[in-house]
Protein chains: 2
Amino acid sequence: MDKKNKLYKEQGVHVITAIFTVEQGITKVLLVKRKNEPFLGDWILTGGALYNNEDLINGAKREIFEKTGIKDIEIEQFDVFGKVDRSPVMRMVAVAYIGVIDSNKVQILRETLRTSNADWFPINKVPPLGYDHNEILVEALKELQKKIVSSTILKSLFPTCFSLPELQKVYEAILDKKLDRRNFRKKILSLDLVEDTGDTAKFEGKKPAKLYRFKKKIEEKKVF
Amino acid sequence: MDKKNKLYKEQGVHVITAIFTVEQGITKVLLVKRKNEPFLGDWILTGGALYNNEDLINGAKREIFEKTGIKDIEIEQFDVFGKVDRSPVMRMVAVAYIGVIDSNKVQILRETLRTSNADWFPINKVPPLGYDHNEILVEALKELQKKIVSSTILKSLFPTCFSLPELQKVYEAILDKKLDRRNFRKKILSLDLVEDTGDTAKFEGKKPAKLYRFKKKIEEKKVF
DNA sequence: TATTATAAGTGTTTAAATAACACTTGTCAA
DNA sequence: TTGACAAGTGTTATTTAAACACTTATAATA
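Residues numbered from 1 in each chain as written. Chains lettered and ligands numbered in written order. Predicted model: local features only at pLDDT ≥ 70, side-chain atom pairs only at ≥ 80, totals over all residues.

## Let's talk about unusual backbone geometry
Under the convention used in this document: Numbering of helices and strands runs from the N terminus; a helix is a DSSP stretch of H or I covering at least four residues, while a strand is a stretch of E covering at least two.
The omega angle of the peptide bond from Glu-37 of chain A to Pro-38 of chain A is -5 degrees, so this bond is cis rather than trans. Within the secondary structure, Pro-38 of chain A sits in the loop between β2 (26-33) and β3 (43-44). Phi at Tyr-131 of chain B takes a positive value of approximately 50 degrees, unusual for a residue other than glycine. Among the secondary structure elements, Tyr-131 of chain B is positioned in the loop between β7 (118-122) and α4 (133-147). Here Asp-176 of chain B, not a glycine, exhibits a phi torsion of approximately 60 degrees, which is positive. The topology assignment puts Asp-176 of chain B in the loop between α6 (164-175) and α7 (181-190).

Below you can see the structure in the form of structure tokens.
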């Protein structure tokens, strides 16, 4: 074996986050345009190199803030990517996270993101990305589909007030399939995750929809 | 922020594997005694530093072979551990795997392992380990309990010939709970994973048990 | 102001998966 | 031959998931 290759110095760690949202029934991912080599001008997921004085998750959150201005986002680790040649500069192993942002925050962020060369892309219109980020994105999306059925991530994907038809549309967007309205309502309400606000609001339909909010404390529960 | 701490050089990657087996109804993990600083003399999980010319899984397998002589083991990535101070020497991020070895191979390996300062420890009699390996082990065990219900890892945990009562005991050891004999048999047989060998053998009982083997091709299936 | 279009809201029935439960059988040892 | 022991085997009840159709509240329009 080549002595040089056996080196385990000159290694580094990337912390990469695929940030998702759902708008108008479309699942979207946040991408940032690179301003430096390598991959100058290419779109990539938010992330960068881990510093020595920070834990992985804090590194991932710092990168998100530096690259997009987004604070207070919940993220969850889901995989590691370590192919020998995944970075052209030096040996980098990427620890990958997913995060979600609710549709209210998306509106607020839109201006901030414009100034940082970041934008939302529908997941079926993602261009070829720098590094191995297309591969990471594919796995992130699978993970999102798994995680959406557990209530904790579901909560952070959703604003404070929402109707059940809205919620169902987000599910259908992420899972990419139609759900039965009656069974969906039954399931969500039986899980005891949400409470009636007493208010109603009109959305797409003509009949006003009841508004719900998530209860304060919800534990990890399977939805489907 | 301290400039020195912001460095993302002087980082490295550990590849660590928790290798499990089940003997006489006891779930055991393979530990290796360290021959160097840091943690000289402490027991740790098998693993070490990733080289630059190998992918993560190959690095993990190489470390297993170097430290224990074990070849041809199937391993699966399950988590990453990256606390700032998890290694006292330099910043190391650990990519963690689990592997399983069937009870036949355990017998064959016993001699090899003795010469390499490695030994099987019942999981409730594991000493304080070097690095953060106790923490990794706890998570690995949870992961094993999750994975045991999918048929692929189940297969590698089992020798070619086995009786259903034996198989059930392994399940009960890993899941740490009793299962109903009739329901267990029904479930395993309905999954179409195993075939009757035609032979029988006596184990603990007085009535001879039918022997089964796994079918050649089995896909990922949920058992429980 | 009556009519129509639209999405919201609501129960029941069927099918499938899981959980609970007890007696019979073959071998060994006394 | 008898008793002890673990292997082997079916049925019923419960829970969970899936399939399915009509009524209701509002807004727009005739």
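## Examining the confidence of the model for chain A
Test applied: In predicted models, pLDDT denotes the confidence assigned by the predictor to each residue on a 0 to 100 scale.
Mean pLDDT over chain A works out to 91, with 96% of the residues at or above the 70 mark. Predicted confidence in chain A is weakest over helix α1 (residues 3-6) of chain A, with a mean pLDDT of 49, and strongest over β3 of chain A, with 98.

## A look at helix α3 (residues 103-115) of chain B
Side chains of residues three or four places apart in an α-helix project in the same direction, reflecting 3.6 residues per turn. This is how it is decided: Note that the bend at a residue is defined as the angle between axes fitted to the seven residues ending at it and the seven residues starting at it. The exposure label follows from counting other C-beta atoms within 10 Å of a residue's C-beta, where the C-beta atoms are placed from the backbone and the thresholds are 20 or more for buried and 12 or fewer for exposed, leaving partly exposed in between.
The axis of α3 of chain B is deflected most strongly, by about 45 degrees, at Leu-109 of chain B. Judged by how many residues are buried, α3 of chain B sits mostly at the surface: 0 of 13 residues are covered.

## Notes on the pairing of strand β6 (residues 91-100) of chain A
The side chains of a regular strand alternate, first on one face of the sheet and then on the other. Residues and elements named next belong to chain A. Rule in force here: Any two strands are treated as partners once DSSP identifies two or more bridges connecting them.
Summarising burial for β6: 10 of the 10 residues are buried, a large majority. Side-chain alternation along β6 places Arg-91, Val-93, Val-95, Tyr-97 and Gly-99 on one buried face and Met-92, Ala-94, Ala-96, Ile-98 and Val-100 on a second face that is also buried. For strand β1 (residues 11-23) and β6, the ladder comprises 10 bridges, and the chain directions are parallel. Of the residues in β6, the one forming a bridge with Ala-18 is Ile-98.

## Notes on the packing of helix α6 (residues 164-175) of chain A against helix α7 (residues 181-190) of chain A
Residues and elements named next belong to chain A. Test applied: To define axes, lines are fitted to C-alpha atoms, for helices over the stretch in contact only, and angles between the resulting N-to-C directions are given on a 0 to 180 degree scale. Should an angle fall under 35 degrees it is called roughly parallel, over 145 degrees roughly antiparallel, and 65 to 115 degrees roughly perpendicular, with every other angle called oblique. In this description, any two residues whose backbone-derived C-beta atoms lie within 7 Å of each other are considered to be in contact. Residue polarity is assigned by list, with Asp, Glu, Lys and Arg as charged and Ala, Val, Leu, Ile, Met, Phe, Trp, Tyr, Cys and Pro as nonpolar; anything else, Gly included, falls into the polar class.
Following both chains from N to C, one finds α6 and α7 inclined at 105 degrees, their axes separated by 11 Å at the closest point. Viewed along their axes, α6 and α7 adopt a mutual orientation that is roughly perpendicular. The segment α6 lies against α7, with Leu-164, Leu-167 and Gln-168 engaging Arg-181, Phe-184, Arg-185 and Ile-188. Split into classes, the residues belonging to the contact of α6 with α7 amount to 4 nonpolar, 1 polar and 2 charged.

## A few points about the protein's contact with DNA strand C
For clarity, the cut-off: All residues are tested the same way: a C-beta atom is placed from the backbone, and lying within 6 Å of a molecule or strand makes the residue near it.
Near DNA strand C lie 19 residues; those nearest to it are Pro-165, Arg-182, Gly-205 and Lys-206 of chain A together with Lys-206 of chain B. Residue assignment for the surface near DNA strand C shows that the elements contributing at least two residues are α6, α7 and β9 (209-214) of chain A together with α7 of chain B. Counted by class, the surface near DNA strand C contains 5 nonpolar, 3 polar and 11 charged residues.

## Examining the environment of Lys-216 of chain B
By the secondary structure assignment, Lys-216 of chain B is in the segment after β9 (209-214). As a C-alpha pair, Lys-216 of chain B and Val-194 of chain B span 22 residues in sequence and 9.0 Å in three-dimensional space.

## Notes on the domain arrangement of chain A
Residues and elements named next belong to chain A. Note the cut-off: These domain limits were set by an automatic method or by a database of domain assignments.
Split by domain assignment, chain A resolves into domain 1 (3-147) and domain 2 (157-214). Counting residues at the interface gives 10 residues for domain 1 and 8 residues for domain 2. Of all the secondary-structure elements, those providing two or more residues to the side of domain 1 that touches domain 2 are β2, α3 (103-115) and α4 (133-147). When the residues that make up the side of domain 1 that touches domain 2 are grouped by side-chain class, the tally is 4 nonpolar, 5 polar and 1 charged.

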